[in-house]
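# Examining the three-dimensional arrangement
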Amino acid sequence: MVNIVIFGETGAGKSSVINLMAGGQVARTSPDSHRCTLEWKEYEINVDNGTQHQVFDTVGLEEPRLDSREYLTAITNADSLIKTLNERGGISLLLFCIRGGRVTATMQSNYRLFFEFLCQEKVPLVLVVTNLEREERMEDWYTRNVGHLEKYGIHSVGHACITAATTIDGRHRARYEESRVTVCGLVRAHCNTLTEGWTGGQGWFTSLLSRLMDFVTGRPKRTDVIGVLTRRCGMTKLAAQQVAQQMAQ
């Protein structure tokens, strides 16, 4: 099974990209501003060669930093996401969705959260830039901004400059179809359907939580962390204490 984690800020067009790949409406495109970091939804789609893909539409950071309350919520979401990915066979590909415009510190934080923290730089990452239907050539955005991406340390094994908008006028319809071919080709090129996805092993969850602390403003109380791990994640008190201790090191 091919498992793709798609991530990015609210408004980047993650759901629209999923629908683009699927060739139809499978994901709701309503705003996810009420959702929290690492909250996720799973979709089963068939890309144009008929290969089944499980796509995890995952909420990224909306600001470069998290407060303590947001971090505690992210713990619950991370636990659910990692357990499910382990059951499904790991991560095959990261798809980083950004909206065409200025490269920002929040984009950098999302890149680090998913590529460095969640996947420990072990999973290929592709970049999909959306909302480019009014560019003379959609690829021009990347040409102008590749230096800014490199400045922020955002690297990818491949990229696609596209439009995923379905409400655009007829002049841009050809660009939508072109974009579907481009994104599906990008996924095919960087998803190995013959190998298992990557998992972080026994310490995957603890490692993610520890590294995520880099983004937290202030430090959550140890008792609050243990409470979330026991009440929401189903850990025993002893196991939760051990995780909290490792996070503090």
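Residues numbered from 1 in each chain as written. Predicted model: local features only at pLDDT ≥ 70, side-chain atom pairs only at ≥ 80, totals over all residues. Heavy atoms only, no water.

## Side note on the sheet that holds strand β2 (residues 40–46)
With mixed pairing, the six strands of this open sheet are ordered in space as β2-β3-β1-β4-β5-β6. Strands at the two margins of the open sheet, each flanked by one partner only, are β2 and β6 (158–161). Looking at each pair of strands side by side, their axes are set apart by 25 degrees on average, direction ignored. By the bridge criterion, four bridges tie strand β1 (residues 2–8) to strand β4 (residues 93–99) in an arrangement that is parallel. Of the residues in β4, the one forming a bridge with Phe-7 is Phe-96. On the sheet, helix α2 (residues 68–88) packs against β1, β2 and β3 (52–59) and is oriented at approximately 30 degrees with respect to β2. Across the sheet, helix α3 (residues 105–118) lies against β1, β3, β4 and β5 (125–130), angled at about 170 degrees from β4, the strand it touches most. (Pairing = 2+ DSSP bridges. Helix = DSSP H or I, 4+ residues; strand = E, 2+ residues; numbered from the N terminus. Axes fitted to C-alpha atoms, helices over the stretch in contact; angles between N-to-C directions. Contact = heavy atoms within 4.5 Å.)

## What to know about the nonpolar core
As a rule of thumb, nonpolar side chains are buried together in soluble globular proteins. Ranked by internal contacts, the top residues of the largest apolar core, which has 56 residues, are Ile-75, Leu-94, Phe-96, Leu-113, Leu-118 and Leu-229. Beyond its immediate stretch of four places on either side in the chain, Leu-94 contacts Val-5, Phe-7, Phe-114, Phe-115, Cys-119, Val-123, Pro-124, Leu-125 and Val-126. Core analysis: the second largest hydrophobic core is formed by 27 residues, Val-47, Cys-97, Ala-160 and Ala-164 among them. (Core = buried A, V, L, I, M, F, W, Y, C linked by side-chain atoms within 4.5 Å. Buried < 20%, exposed > 50% of the residue type's maximum accessible area, 1.4 Å probe, protein only.)

## Here's the deal with the packing of aromatic side chains
Counted according to the given criterion, the structure contains six aromatic pairs. A centroid spacing of 4.1 Å and a plane angle of 15 degrees characterise the contact between Phe-7 and Phe-114, whose relative ring orientation is stacked. Here Phe-7 is found in strand β1, whereas its partner Phe-114 is found in helix α3, with 107 residues between them in sequence. We note that Phe-7, like Phe-114, is buried. Relative to Phe-115, the ring of Tyr-111 has its centre 5.2 Å away and its plane inclined at 35 degrees; by these criteria the two rings are tilted. Placement of both Tyr-111 and Phe-115 in helix α3 is noted, with a separation of four residues, approximately one turn of the helix. Of the aromatic side chains, those joined through ring pairs into one cluster are Phe-7, Phe-96 and Phe-114. (Phe/Tyr/Trp six-rings, centres within 6.5 Å; stacked < 30°, edge-to-face > 60°.)

## Things to note about the pairing of β5
Extensive coverage of β5 is indicated by the burial of six of its six residues. The alternating pattern of β5 places Leu-125, Leu-127 and Val-129 on one face and Val-126, Val-128 and Thr-130 on the opposite face, and all of these are buried. Note that β4 and β5 share six bridges and pair parallel. Residue Ile-98 lies in a different strand from β5, and its bridge partner there is Val-129. In this fold, the crossover linking β4 to β5 by way of α3 has right-handed handedness. One ladder, built from four bridges, connects β5 with β6; its direction is parallel. Residue pairing in the sheet places Val-129 in a bridge with Cys-161 of β6. Remark: the β5/helix α4 (residues 140–151)/β6 crossover connection has right-handed handedness. (Right-handed = clockwise from strand over helix to strand, strands pointing away.)

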